[in-house]
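# Descriptive analysis of the structure
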Amino acid sequence: MPSSASRPSLSRLGEFGLIRHLRRRFGRIGPSVLRGIGDDTAIVRAPAGRPLLLTTDLLVEGIHFDLSTATFEDIGYKAAVANLSDIAAMGGRPRHLLVAVAIPPTRTPEDIDRLYRGLMQACRRHGVELVGGDTSASRSGLFVSITLTGSIEAGRPLTRDGAGAGDLVYVTGTLGDSLAGLALLAGRPRRRPAAGTGTPERYRRFLIRRHLRPSPRIPEGRFLAVHRLATAAIDLSDGLSGDLAHVCEQSGVGAEIEASDLPLSPACRAYASEHGTDPVRLALTGGEDYELLFTVSPRNHATLTRLARRAGYRFTRIGTIRPRGFGLRVKLGNGTTRRLTIAGYVHFQRRRVAPEEALWSR
Ligand code: ADP
Ligand code: MG
């Protein structure tokens, strides 16, 4: 954007001025794009005979994001990651991005530039190219719609419906960090704990970063697809309990999770102990970790362990797929078992179900 002295308003810049700016600044394209922003449609080269993945997300101000707590960069970044993570969960390589925005008159071109900066920061790391979109005015808040394509270049796509009783349940990375990071952000302005107490500053930074700048597990997803190691997979956007329930529903199975096996970062543990909360609860209910959950047949366990070690991936076994009648249960450290219910955002009720209210039912 031009310097603030000469910064034009959206109405002066106009729809086409804005598109020209976005094209110049973000529309850099590589060899798979024959036509990017500027024509009636984009033209891309599709991998011959290979599956093409398509995903889209609509983000609505006041429902999915709140401009009083997130910056435009944050919103763009997270919107991109949500879609990148969906491609990761299918085992694909993300390719081409389309972005439609409806902009209220109170927003400036600089705001939209920031939104795209966040988007493209997440996308460039994975070689994704912005090839088009749509632009409109809005009379009620900002709307951002993201469409992302991906390709499966080798192996087979990872779907939610292939888990069978006896399969082992794995996750990538650590769980619960994002929810802890969100709680830290929401607690602003923060009082500094007395020296030697509280969550160390480097842990706070780690958790907040895990919330604001999560990494979609693209290489791990591709690895699982290429080696045909997963019977089912999903990305953890709504929280382990809810997302595992999707896999179980679609696969027609139940599952048993070992609470003591859930991978927790030292930062998440420190946060939980400072705030008198159970880190297992953060791991089970926390959304937006953008880790992958996948299931593996026991006969592939040794191969997975060997190949993952060689590739340097952190996969943690957290439980076992059971027959459907078993339901969804978590075995706690003290040997007792609880039924898992789904916690997460309830859309048409405009609230987040509190973990306390929803997680446990006997
Ligand atoms: P049409 O009338 O055919 O929809 P537009 O004038 O809306 O064409 O768009 C012109 C070009 O600019 C198209 O290539 C379109 O994909 C691209 N474009 C429009 N809005 C955006 C946006 N917000 N982000 C990226 N590309 C955009
Ligand atoms: Mg258009």
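Just above sits the structure.
From a predicted model like this one, the values you see are computed outputs, not experimental measurements.

### Focus: the side chain of Ser178
- Structurally, Ser178 can be placed in helix H4 (residues 177-186).
- Its relative accessible area of 1% is what places Ser178 among the buried residues.
- A polar side-chain atom of Ser178 sits 2.9 Å from a polar atom in the side chain of His211.

### Thoughts on the packing of aromatic side chains
- Enumeration over the complete set of coordinates arrives at six aromatic pairs.
- Centroid distance Phe26 to Tyr116: 5.7 Å. Interplanar angle 35°. Geometry classified as tilted. Here Phe26, found in helix H1 (residues 10-26), pairs with Tyr116, found in helix H3 (residues 109-124); they are 90 residues apart in sequence, far enough to count as distant.
- Judged by its relative accessible area of 3%, Phe26 falls in the buried class.
- The exposure class of Tyr116 is buried, given its relative accessible area of 3%.
- Ring-pair connections join several aromatic residues into one group, and the members of that group are Tyr170, Phe223, Phe294, Tyr313 and Phe315.
- One cation-aromatic arrangement involves Arg322 over Phe326; the distance from NZ or CZ to the ring centre is 5.8 Å.
- Sitting over the ring of Phe326, Arg329 keeps its end group 4.2 Å from the ring centre.

### Describing the pattern of salt bridges
- If you walk through the whole model with that rule in mind, you get 19 salt bridges.
- The salt bridge involving Arg204 is made with Glu201; its shortest N-O contact spans 3.9 Å. Within this pair, Arg204 and its partner Glu201 are both found in helix H5 (residues 201-212), separated by three residues, close to a single helical turn.
- Overall, Arg204 belongs to the buried group, its relative accessible area being 7%.
- Between Glu291 and Arg210 there is a salt bridge; the shortest N-O distance is 3.1 Å. Highlighted residues: Glu291 in the loop between helix H9 (279-285) and strand S10 (292-296) and Arg210 in helix H5, separated in sequence by 81 residues.
- Owing to a relative accessible area of 0%, Glu291 belongs among the buried residues under this scheme.
- Since its relative accessible area comes to 12%, Arg210 is described here as buried.

### Section: the environment of Thr69
- Here Thr69 lies in the loop between strand S3 (52-60) and helix H2 (72-89).
- The spatial distance from the C-alpha of Thr69 to the C-alpha of Ala186 is 8.1 Å, given a sequence separation of 117 residues.

Rules used in this analysis
For every chain, the first residue of its written sequence is number 1, and the numbers climb from 1 along that sequence. Labels follow written order: the first chain is A, the first ligand is 1, and so on. Totals for whole chains, interfaces and linings use all residues, but because this is a predicted model, local features are given only for residues with pLDDT of at least 70 and pairs of side-chain atoms are given and counted only at 80 or more. With hydrogens and water stripped out, all remaining heavy atoms of the structure feed into the side-chain values. Starting at the N terminus, helices and strands are each numbered in turn, a helix being any DSSP run of H or I of at least four residues and a strand any DSSP run of E of at least two. Buried means the residue's accessible area, taken with a 1.4 Å probe over protein chains only, is under 20% of the maximum for its type, while exposed means over 50%, and partly exposed covers the values in between. Pairs of N or O atoms within 3.5 Å make up the polar contacts considered here, provided that, within protein, one atom can donate a hydrogen while the other can accept it, and that residues adjacent in sequence are counted only when both atoms are side-chain atoms. Ring pairs are drawn from Phe, Tyr and Trp, using the six-membered ring of Trp, whenever the two centres fall within 6.5 Å, and their geometry is named by plane angle: stacked under 30 degrees, edge-to-face over 60, tilted for the rest. Either the NZ atom of lysine or the CZ atom of arginine qualifies as a charge over a ring when it sits within 6 Å of the ring centre and within 35 degrees of the ring normal. Should a side-chain nitrogen of Lys or Arg be within 4 Å of a carboxyl oxygen of Asp or Glu, the pair is scored as a salt bridge.

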